[in-house]
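# Overview (structure and organization)
Now for the letters of each chain:
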Amino acid sequence: MSTYAIVIHGGAGTILPAAMTNELERSYKTALQEAMDAGFSCLSAGGTSVEAVKAAVISLEDCILFNAGRGAVFAKDGSQEMDASIMDGSNRMAGAIAAVRNIRNPVELAYTVMTHSQHVMLNGKGAQEFAKIHGLKTEPDEYFYSAFRHQQWKQMQDTDETALDHSVTIPSSTATEGKKFGTVGAVAVDQYGNIAAATSTGGMTNKQWGRVGDSPIIGAGTYANNKTCAISCTGHGEPFIRAVTAYDVSCLMEYKGLSLQEAMHLVVHDKLLKIDGEGGMIGVDASGNTAMVFNSEGMYRGRRNSEGLNETLIYKL
Ligand code: ASP
């Protein structure tokens, strides 16, 4: 049996201890631990890495603290549109959805695209119709609403600015209401040595409706290949798309022989920074190595493996 492991993230950005209360920090860590445990139990029970990353991401989508599923950010027109993707490194099958509304668990829809269609990516109305045909759970607008994110959007609504959810400064008086940051993602390696990745997001605050970020784009925000690595990214989507970020890590491993950690470090601290790409990523390889790398102030993250490693972290070490 190979070492099995799961790594998760809840978004990267300007996350500083000074802007955080102990209570809030505890809430984030509890939510991260719960999501990680959901994925890890799958792996311990002999489940696949695909099942594990899906379970972890669903748990994070259901938590209002993160910018994915419930608690997604608002677009310029006040809508909440979500993107998600999943990839199986054992056969390089993938599924993705973009700009969907009212779907409770976007990662479940991405998974259904992978398993029940001939396509890799569906968007907008077509994706909604596909969700309906396959009986995916939907929720009314109120389910996704959070007062804090609404206020974040209101502050930017009349500008042409967009913002990384995690990088909006919040006065500490409103922090108790919840500093709700973060696109979410998970990568895992299972007992059979197969790896997978999944990512889910509400995108950037005040984005143009219809805007698609890196999260649902295979090779940019998400990638998995048993030969190299499984990667899930978070950060300012546009540079991540232009850098073909997740696939670049895989290429550096495959063609240059870099380790997972070396490849992720080069992409995050060199290649992305050169094009103002703020954010980070999590990764795993088929031997059970894991890595969490970011160039922002912090990244909500955690990892657990069959050798006893079990940690949740927020700030730079
Ligand atoms: N990468 C996401 C996007 O650009 C945002 C994030 O990671 O928070 O849509």
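Counting restarts for each chain, with residues numbered from 1 along the sequence as it is written. Confidence filtering applies because this is a predicted model: local features only for residues at pLDDT of at least 70, side-chain atom pairs given and counted only at 80 or more, and all residues used for totals across whole chains, interfaces and linings. Neither water nor hydrogens contribute to the side-chain values; these are computed over all heavy atoms in the structure.

### A short note on the overall build of the protein
Within the protein one finds 10 helices and 12 strands. Every radius of gyration here is taken over C-alpha atoms, with the globule rule written as 2.2 Å times N^0.38, N being the number of residues. Compactness check: the protein gives a C-alpha radius of gyration of 17 Å against a globular reference of 20 Å for 317 residues, within 12% of the reference. Referenced to the eigenvectors of the C-alpha coordinate spread, the extents of the protein come out at roughly 50 × 45 × 35 Å. Counting the 317 residues in the protein, one finds 59% classified as buried. In this analysis, two residues are considered to be in contact whenever any of their non-hydrogen atoms come within 4.5 Å of each other. For the protein, long-range pairs separated by at least 24 residues make up 70% of all intrachain contacts whose partners lie at least 6 apart in sequence. If the 26 positive side-chain charges of the protein are averaged to one point and the 34 negative ones to another, these points end up 1 Å apart. The helix count covers DSSP runs of H or I at least four residues long, the strand count covers runs of E at least two residues long, and both are numbered beginning at the N terminus. Between buried and exposed lies partly exposed: a residue is buried under 20% and exposed over 50% of the maximum accessible area for its type, with that area taken using a 1.4 Å probe on protein chains only. In this tally Asp and Glu are treated as negative and Lys and Arg as positive; neither His nor the chain ends contributes. Note that the charge is assigned to NZ on lysines, CZ on arginines, CG on aspartates and CD on glutamates.

### What to know about the nonpolar core
By nonpolar core we mean a set of buried residues, namely Ala, Val, Leu, Ile, Met, Phe, Trp, Tyr and Cys, connected to one another through side-chain atoms within 4.5 Å. With 51 residues, the main nonpolar core has Ile6, Ile8 and Phe66 as its most contacted residues. Of the residues forming this core, the biggest block, eight residues, is contributed by helix 1 (residues 22-44). One finds Met87, Ala94, Ala230 and Val249 within the second-largest nonpolar core, a separate group that totals 36 residues.

### Structural notes on helix 9 (residues 245-256)
What a helix is expected to span follows from its residue count: subtract one and scale by 1.5 Å. Compared with an ideal rise of 1.5 Å per residue, which puts 12 residues at 16 Å, helix 9 spans 16 Å between its outermost C-alpha atoms and is within 8% of the ideal. Within the span of helix 9, buried status applies to Thr245, Ala246, Asp248, Val249, Ser250, Cys251, Leu252 and Met253. The secondary structure elements touched by the buried residues of helix 9 are strand 7 (222-224), strand 8 (230-235), helix 8 (237-242), helix 10 (260-274) and strand 9 (279-284). Gly257 lies just past helix 9 and shows a positive phi near 75 degrees.

### A word on the environment of Phe66
Mapping Phe66 onto the fold places it in the loop between helix 2 (49-61) and strand 2 (82-88). By relative accessible area, Phe66 is classed as buried at 0%.

### Here we look at the sheet that holds strand 2
With respect to topology, eight strands assemble into an open sheet ordered 4-3-2-6-5-1-11-12, the strand pairing being mixed. The sheet terminates laterally at strand 4 (121-123) and strand 12 (310-315), the two strands that pair on one side only. Ignoring strand direction, the axes of neighbouring strands in this sheet form an average angle of 5 degrees. On top of the sheet, helix 2 reaches strand 1 (5-13), strand 2, strand 5 (184-189) and strand 6 (195-201); it is set at about 155 degrees to strand 5, its chief contact. Here a strand pair is declared whenever DSSP counts at least two bridges between the two strands. Angular values range over 0 to 180 degrees, each being the angle between N-to-C directions of two axes fitted as lines to C-alpha atoms, with helices fitted over their stretch in contact.

### Quick look at the pattern of salt bridges
The salt bridge criterion pairs a side-chain nitrogen of Lys or Arg with a carboxyl oxygen of Asp or Glu, the two atoms within 4 Å. Inspection of the entire model under this criterion finds 12 salt bridges. Among the salt bridges present, the one from Lys54 reaches Glu108, with a minimum N-O distance of 3.3 Å. Residue Lys54 is found in helix 2, and its partner Glu108 is found in helix 3 (residues 106-116); the two are separated by 54 residues along the sequence. Residue classification places Glu108 among the partly exposed positions, given a relative accessible area of 25%. Its salt-bridge partner being Glu311, residue Arg303 comes within 2.7 Å of it at the nearest N-O pair. Judged by its relative accessible area of 22%, Glu311 falls in the partly exposed class. Residues participating in the shared-partner salt-bridge network are Asp62, Arg104 and Glu139.

### Brief notes about the confidence of the model for the protein
Confidence scores labelled pLDDT are given residue by residue by the predictor and lie between 0 and 100. Summing up the model confidence of the protein, the mean pLDDT is 92 and the portion of residues at 70 or higher is 95%. Ranking the elements of the protein by mean pLDDT puts helix 7 (residues 172-175) last with 35 and strand 7 first with 99.

### Describing the packing of helix 9 against helix 10
Relative orientation of the contacting elements helix 9 and helix 10 amounts to 130 degrees, with a least axis distance of 9 Å. Here helix 9 is positioned oblique relative to helix 10, judged by the angle of their axes. Crossing hand, helix 9 versus helix 10: right-handed. Counted together, Thr245, Asp248, Val249, Leu252 and Met253 of helix 9 and Leu260, Ala263, Met264, Leu266, Val267, Lys271 and Leu272 of helix 10 form the full contact between these two elements. In terms of residue class, the contact of helix 9 with helix 10 is made up of nine nonpolar, one polar and two charged. Every angle not falling under 35 degrees, over 145, or within 65 to 115 is termed oblique; those three ranges are roughly parallel, roughly antiparallel and roughly perpendicular. Handedness of each helix crossing follows the sense of rotation of the near helix against the far helix: counterclockwise by less than a right angle gives left-handed, clockwise gives right-handed. Classification used: nonpolar for Ala, Val, Leu, Ile, Met, Phe, Trp, Tyr, Cys and Pro, charged for Asp, Glu, Lys and Arg, polar for all others including Gly.

### Some words on the site of the ligand
Only heavy atoms are used to decide nearness, and a residue is near a molecule or strand if one of them lies within 4 Å of it. Lining the immediate environment of the ligand, one finds 12 residues, of which Thr183, Arg211, Asp214, Thr234 and Gly235 sit closest. A distance of 2.6 Å separates a nitrogen atom of the ligand from a polar atom in the side chain of Asp214. Take Gly235: an N or O atom from its main chain is 2.7 Å from a nitrogen atom of the ligand. In these tables, accessible area is a Shrake-Rupley quantity obtained with a 1.4 Å probe, and a residue counts as shielded only by the protein chains included in the view. Burial of the ligand by the protein amounts to 100% of the accessible area it has alone, namely 270 Å². In terms of residue class, the shell around the ligand is built from two nonpolar, eight polar and two charged. The term polar contact refers here to a pair of N or O atoms within 3.5 Å; inside protein, the definition further demands a hydrogen-donor-capable atom paired with an acceptor-capable atom, and it admits residues adjacent in sequence only when both atoms are side-chain atoms.

### A look at the packing of aromatic side chains
Ring pairs shown here join Phe, Tyr and Trp side chains whose ring centres sit within 6.5 Å, with only the six-membered ring taken for Trp; geometry is labelled stacked below 30 degrees between planes, edge-to-face above 60, and tilted in between. On inspection of all chains with the given rule, the structure shows eight aromatic pairs. Aromatic side chains Phe74 and Tyr145 sit 6.0 Å apart centroid to centroid with 70 degrees between the ring planes, which places their arrangement in the edge-to-face category. A residue pair is termed long-range when its members are at least 10 positions apart, and Phe74 in the loop between helix 2 and strand 2 and Tyr145 in the loop between helix 5 (141-144) and helix 6 (147-156) qualify at 71 residues. An aromatic cluster is built from Tyr28, Phe66 and Tyr300, whose rings are joined through pairwise contacts. For the cation-ring pair, Lys54 lies above Tyr111, with the distance from its terminal atom to the ring centre recorded as 4.5 Å. We count a charge as sitting over a ring when the NZ of a lysine or the CZ of an arginine lies within 6 Å of the ring centre and within 35 degrees of the ring normal. In this arrangement the basic side chain of Arg70 is found over the ring face of Tyr143, its NZ or CZ atom lying 5.7 Å from the centre.

### Re a nonpolar patch on the surface
The patch calculation keeps residues exceeding 30% relative accessible area without a salt bridge and links them within 9 Å when they carry like charges or within 5 Å when they are nonpolar (Val, Leu, Ile, Met, Phe, Trp, Tyr). Among the surface-exposed residues, Val244, Tyr247 and Tyr255 lie close enough to one another that they form a single nonpolar patch of about 300 Å² accessible area. If you trace the backbone, Tyr255 turns up in helix 9.

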